[in-house]
Amino acid sequence: MSSGRGDGGGRGGDRARVRAFGLRTRLLLAFLLVAAVSAGTTAALTYREARNSLLETAQDTAVTSFRDHVQQTAFSLPVQEEGMEEVLRDIARKGKPHPWVVFAEYGSLRASSGENPVSTVITPELRRAARAKPHGSFERVVKDGVPYLTIAMPTVFKTGPYSELPSGLVLYAVMRMTDEQVNVDALLMAGRDGALPGLAVSLIPGLIAARSVLRPVRKLREAARNMGSGRLDTRIPVRGSDELADLAHTFNESAGQLERSVRELREAEERARRFASDVSHELRTPLAGMLAVTEVLDEDADGLDADTARAVRLVSAETGKLAVLVEDLMEISRFDARAAELNADEVDVAEAIRKTLDNRHWTDDRIRTELPDGIRARLDPRRFDVVIANLVGNALRHGGAPVTVRLRTEARSPGPPVLITDVADSGPGIRPEALPHIFDRFYKADAARTRSAGSGLGLAITLENVKLHGGTIHAGNRPGGGAVFAVEIPLHAEDAEGEGAGG
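Residues numbered from 1 in each chain as written. Predicted model: local features only at pLDDT ≥ 70, side-chain atom pairs only at ≥ 80, totals over all residues. Heavy atoms only, no water.

Draft legend 1. The arrangement of the overall build of the chain in detail. Of regular secondary structure, the chain possesses eleven helices and twelve strands. Here the chain holds 503 residues, and 33% of them are scored as buried. Put simply, of all contacts in the chain between residues at least 6 apart along the chain, 64% involve residues at least 24 apart. Accessible area of the chain: about 29,800 Å², with a carbon and sulfur share of 55%. (Helix = DSSP H or I, 4+ residues; strand = E, 2+ residues; numbered from the N terminus. Buried < 20%, exposed > 50% of the residue type's maximum accessible area, 1.4 Å probe, protein only. Contact = heavy atoms within 4.5 Å. Areas by Shrake-Rupley, 256 points an atom, 1.4 Å probe, with all protein chains shown as cover.)

Draft legend 2. Examining unusual backbone geometry more closely. Of the consecutive residues K96 and P97, the connecting peptide bond is found in the cis state with omega at -5°. Tracing the backbone through its elements, the reader meets P97 in the loop between α3 (84–93) and β1 (100–106). With an omega of -5°, the peptide bond between A401 and P402 qualifies as cis. Note that P402 resides in the loop between α9 (381–398) and β9 (403–410). For D144, which is not glycine, the phi torsion reads 55° and is therefore positive. Tracing the chain through its elements places D144 in the loop between β3 (137–143) and β4 (146–160). In this structure, H361 takes a positive phi of about 60° despite not being glycine. In this fold, H361 is placed in the loop between α8 (349–359) and β7 (367–370). Taking the relative accessible area as the measure of exposure, H361 reaches 63% and is therefore exposed.

Draft legend 3. A look at the sheet that holds strand β11 (residues 472–477). Within the open sheet, the five strands sit side by side as β7-β9-β10-β12-β11. Their pairing is mixed. Each having just a single partner strand, β7 and β11 make up the two edges of the open sheet. Across the sheet, the mean angle separating the axes of adjacent strands is 15° when strand polarity is ignored. Of the strand pairs in this sheet, β11 and strand β12 (residues 483–490) are connected by six bridges, and their pairing is antiparallel. Among the inter-strand pairings, A475 is bridged to a residue of β12, identified as F485. Sheet strands touched by α8: β7, β9 and β10 (418–424). Its angle to β9, the strand with the most contacts, is close to 165°. (Pairing = 2+ DSSP bridges. Axes fitted to C-alpha atoms, helices over the stretch in contact; angles between N-to-C directions.)

Right, dumping it as structure tokens:
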């Protein structure tokens, strides 16, 4: 029983996890994901365009200005170191949009407008590009976390309208882009700070959308629960023309069809039940007369010729079978109509079983009993007699002698102790494919036994009588061979009586 509680706890935990990640949560997460992707994509594209525009503006201004100043400055060749620094400082003072540091390289000559004649920011790639492109090159470089724009502009001599020769003098401008970086960082922070409130605000339409989607889903769940509890007239109001409205319309059509089908089945079942009950009642009177006649004929059969006596005995036997069938049909119809009642009384169970066996003359060596005295329970004596008689008779007819009837009790926790009655035979047992149907009405495990003495209702009536006591019955095979039926009835039958009478 403890394992059952553990399973229940596990299922409860699963339901809690499902609820935590239910449809509402998934819808909100999906909505937030779409909003986050949209906001992030928009912010990223805006940031990229604004950053590129900002950097390209500063870059184009610096490159154009430096090219113009270099072209407007006259240099005499060969270049002399004297006076070069002053020329470079003059060019640096005209730097746009920010101050430059200008460097000159001519052969082994190195000069600058700053303190160091050689720049650590200028890369070998830019020097190679300066030699390859006479109109200049530029490169953005980050050095020690500081962004720089480096521009290389070689000086040339015009030898004709469309021809130029490099002079060997290359001027470099190095400009800090700190202000541009500050502006770019500000753009990034603005995009981030704007996206977070946007995501928070997007929760409102997300909640509204989730509610509009979940409302019909909840109604569908409630309607399905109501139908599962038997309220087949449940319908869902259809609103709108979307997929959820189509689902509600389909549900209503299916529910209507199911209600009609169930109503027709119930009416057919009621007609069949009433027919069986009416036929059984109508047959009782003529059967009573036929039984009286057959009893007289049986008494006189010995004085008749052999063929007539055999016919009389056959009619008498078949009439008896028909009488048993009619009584069984009437009994099963009372169960179907919920008219069966449990008249329980405290009885000595072992004594009740012995009385059942004595009344059927099952006292020979075909029956073995293990009936300890002193076991008392609240049972309906008549219905318990039917249970034992049906099980023992079934074992004798379709099993094999000896048949063992064993009585015992067993403690159950939680719950009251249980009275267990086992009826086991020594026959071949029940075929596995027949076990699931052994208590079905008119079912016979052996197809060749269609003309057997039983009505096919004995085990079904036994099951109903046991259920009326609040108990259960199980059928199986013993390891050593033979079938066994185990009837379990709660010993505290007061509770069982209430359940049985209500059912």
